[in-house]
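Per-entry structural report
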Amino acid sequence: MRLSGRSAIPFLATLASLFGHAHADLKGVFGHYLIGSLGDASEAVKDVQDAKHFGLDAFALNVQDATADFATDAISKLFAAAEANDFKLFFSFDMTTLKDASTFIPLLLQYQKSSAYYLHDGRPFVSTFDGGNVAFGQSSPNEGWQTQFKDVLARSGVNPFFVPDFDDFNNQLGGTYDTQFFQDFTVVDGVFSWESAWPEVPEGRVNVSSAKDQAGLTNAHAAGKVYMMPLSSFQFKHIDPGQNFYRLGGLNLAQRMGQVLELQPDFVEIITWNDSGESHYVGNIFPEPIAGSPAIQAYSNGFNHTAWQDVLAPFIVAYKNNKTSAADITPFGEFAGAFWYRPLLLTAKCASDTLGKPDGAQNAVDELSIAVLLPADSTGVTIRVLSGGSVIATLPTTPGLNAVTVPIQLGPQRVELVGADGSIIGAGDGTKDVVGEDPRQFGQMPDDAGPKIGENVRAQQAYLAPMDVRIATGLREGLAILSGCSKEASNALYYVRILQIRPSGGLLPYWCIRIVNTRRYGEYEGPDTAARGEI
């Protein structure tokens, strides 16, 4: 749920061009992109354009099948879209399904020559999901990756910059990259950790720790390697008995942003852009990839998470400019914010869910999570939370990132930002009431089976749908950035130029201008007189 009002919504691709970046070849921020079926090419174009506007440097294309028609078609469309929009992509081979390097090497050889392929030090960047136990028939995983992957590519003149997720090495789930790892895996140029993004289920209701990341970063640098740190919200999957789990994350996203700034890793990968099956997506969800999974459709359709981008985009700018504290994550205008919650309480009866509670359900909490960004000179602003029609919390704020959870009640949900003078400067209303019963479950379950997070898992499924667009000021040098100037334009990104202040009543005429080329000012369609109005 976005907070609307006098806010400046991020338009990072333009703003980022105003900053000089140290270590320009490092500090890449990527979105993990699950390759699935795409409809027409417009879906690939939208993903690429949205990611670029948001501020990502590349998509990490998670490839589970390198030869299937659906996969090669989607990859082709994505590279075409990226080439046309000056965006980058690289492969992240999913080693839970890929067993032979010869099946995916041709894909890399084909696309590493593309102008859209992401390079580091002139070398094609390659990652994985798992693979630390894969030896390709050799005596060790290191030998397997060296002889069956890197040496094969070298014979074609390709030297990949290899930064895999090998935290499954030695049959571990989320192992720590210690000094021994880098002695054993000389094949890597760096490492990525998937599992450190969330608390482990047995840890209970705890905040996410950055201890594994700190160790991995320190040991990688000592070995002359790089470290890519994961950033995610929560993780929820409810598909079948083998894919039924939940990992805590009410404030995970906000906490990880602060940890990334503190540790300053070489790269960051946001988990994920579009993995609706695991629920941590921050980007678009299209119908084709989940057409064959009624379970995923049930807990992702209608649940838009793109409002998270409003707080992530300023974080990206802070990270690229070497800021080291969550207090340094400031909005592009007067504020930015989002909140999320479950529309079902933990005590809810899910009438027809035969799958049962996911592993980790015991760690879930009935709460509403909030992340608000305020400028460095902000004073006196409070966050007012209404749940079930009653004010349940009034919270002080500080400049930068403010992240908090509050208990949630049945009924409607609303979050308000209140200025020092008592005026509401921004607000958001939940588009779903919290309820205690949901009969719309798949399968059958007796009522006395106990509370389920089943499809009730819209439990810890963040609901972040855009609200009706409201006009915002958030002036910065005569420009404000909005998500749109009317309902019809709510998915477009606009600059709004303040032309003058009218003496009577202090009203500000505005003009909507749609940016076409975000790399520089001045290329636009407009003015759009149909969207003209008054603030």
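Structure first, text after, so check above.
Further remarks concern the packing of aromatic side chains. For the structure on display, the rule yields 43 aromatic pairs. Plain terms: the ring middles of F104 and W145 are 6.4 Å apart, the flat faces sit at 40° to each other, and that makes the pair tilted. A residue pair is termed long-range when its members are at least 10 positions apart, and F104 in helix 4 (residues 101-111) and W145 in helix 5 (residues 141-154) qualify at 41 residues. Classification of F104 by relative accessible area gives buried; the value is 0%. Aromatic pair Y118 and F125: ring centres 5.7 Å apart, planes at 75°, arrangement edge-to-face. The exposure classification of Y118 matches that of F125, with both residues buried. In this structure, K27 is placed above the aromatic ring of Y319, and the distance from its NZ or CZ to the ring centre is 4.5 Å.

Attention now goes to unusual backbone geometry. Of note, the bond from I271 into T272 is cis; its omega dihedral lies within 30 degrees of zero at 0°. As for its position among the elements, T272 is in the loop between strand 12 (267-271) and helix 9 (294-300). Despite not being glycine, D130 shows a phi value in the positive range, around 60°. Looking at the element boundaries, D130 is found in the loop between strand 6 (123-129) and helix 5. According to the relative accessible area criterion, D130 is buried, its value standing at 16%.

Okay, the pairing of strand 2 (residues 28-34) next. Of all seven residues making up strand 2, six are buried, and the element is well covered by its neighbours. Examined bridge by bridge, strand 2 and strand 3 (residues 58-63) share five bridges and lie parallel to one another. From the neighbouring strand, Y33 faces strand 3, where its bridge partner is L61. You can see the chain leave strand 2, run along helix 2 (residues 41-54) and come back into strand 3, and the turn it takes is right-handed.

As enumerated under the stated definition, the model contains 14 salt bridges in all. Across the pair R123 and D189 runs a salt bridge whose closest N-O atoms are separated by 3.1 Å. Within this pair, whereas R123 is found in strand 6, its partner D189 is found in the loop between helix 6 (179-184) and strand 8 (190-192), the two being separated by 66 residues in sequence. Here the two residues R123 and D189 agree in accessibility, since each one is buried. Residue R384 is joined to E416 by a salt bridge in which the shortest nitrogen-to-oxygen separation is 2.7 Å. Placement of R384 in strand 16 (residues 382-387) and of E416 in strand 19 (residues 413-418) is noted, with a sequence separation of 32 residues between them.

Turning next to the pairing of strand 17 (residues 390-396). Of the pairings in the sheet, the one linking strand 16 to strand 17 comprises six bridges and is antiparallel in character. Residue S387 lies in a different strand from strand 17, and its bridge partner there is S390. Between strand 16 and the antiparallel strand that follows it, strand 17, lie two residues; G388 among them carries a positive phi value of about 65°.

The next subject is the environment of Q138. Of note, Q138 is situated in the loop between strand 6 and helix 5. Residues contacting Q138, with those up to four places away along its chain left out, are E143, G144, T147 and Q148.

Counted as a void, the second largest pocket has a volume near 800 Å³. As for the second largest pocket, its lining consists of 37 residues, of which L34, Q64, K237, D275 and E278 are closest to the centre. Broken down by secondary-structure element, the contributors of at least two residues to the lining of the second largest pocket are strand 2, strand 10 (235-240) and strand 11 (243-247).

About the thresholds
- Throughout this description, residue numbers start from 1 for each chain and increase along the sequence as written.
- Only residues with pLDDT of 70 or above have their local features reported here, since the model is predicted, and side-chain atom pairs are shown and tallied only from 80 upward, although totals for entire chains, interfaces and linings are computed over all residues.
- Just so you know, side-chain values use all the structure's heavy atoms and leave hydrogens and water out.
- Two rings from Phe, Tyr or Trp (for Trp, the six-membered ring) form a pair when their centres sit within 6.5 Å of each other. Planes less than 30 degrees apart are called stacked, planes more than 60 degrees apart edge-to-face, and all others tilted.
- Only DSSP runs of H or I reaching four residues or more are called helices, and only runs of E reaching two or more are called strands; each is numbered from the N terminus.
- Each residue gets one of three labels from its accessible area relative to the maximum for its type: buried under 20%, exposed over 50%, partly exposed in between, using a 1.4 Å probe on protein chains only.
- In this scheme, the term charge over a ring applies when either NZ of a lysine or CZ of an arginine sits within 6 Å of the ring centre and within 35 degrees of the ring normal.
- At least two bridges found by DSSP between two strands are what make those strands a pair.
- With its strands directed away from the observer, a crossover is right-handed exactly when the path from the first strand over the helix to the second travels clockwise.
- In the sections that follow, a salt bridge refers to a side-chain nitrogen of Lys or Arg positioned within 4 Å of a carboxyl oxygen of Asp or Glu.
- Contacts were defined at the residue level, with two residues in contact if any of their heavy atoms lie within 4.5 Å.
- Only protein atoms enter the 1 Å grid, on which a cavity is a set of points fitting a 1.4 Å probe that cannot get out and a pocket is an open set with protein on both sides within 12 Å along at least 5 of 7 lines, lining residues being those with an atom within 4 Å of a point.
- Grid points are joined across faces, edges and corners, and a volume is the space filled by probe spheres set on the points.

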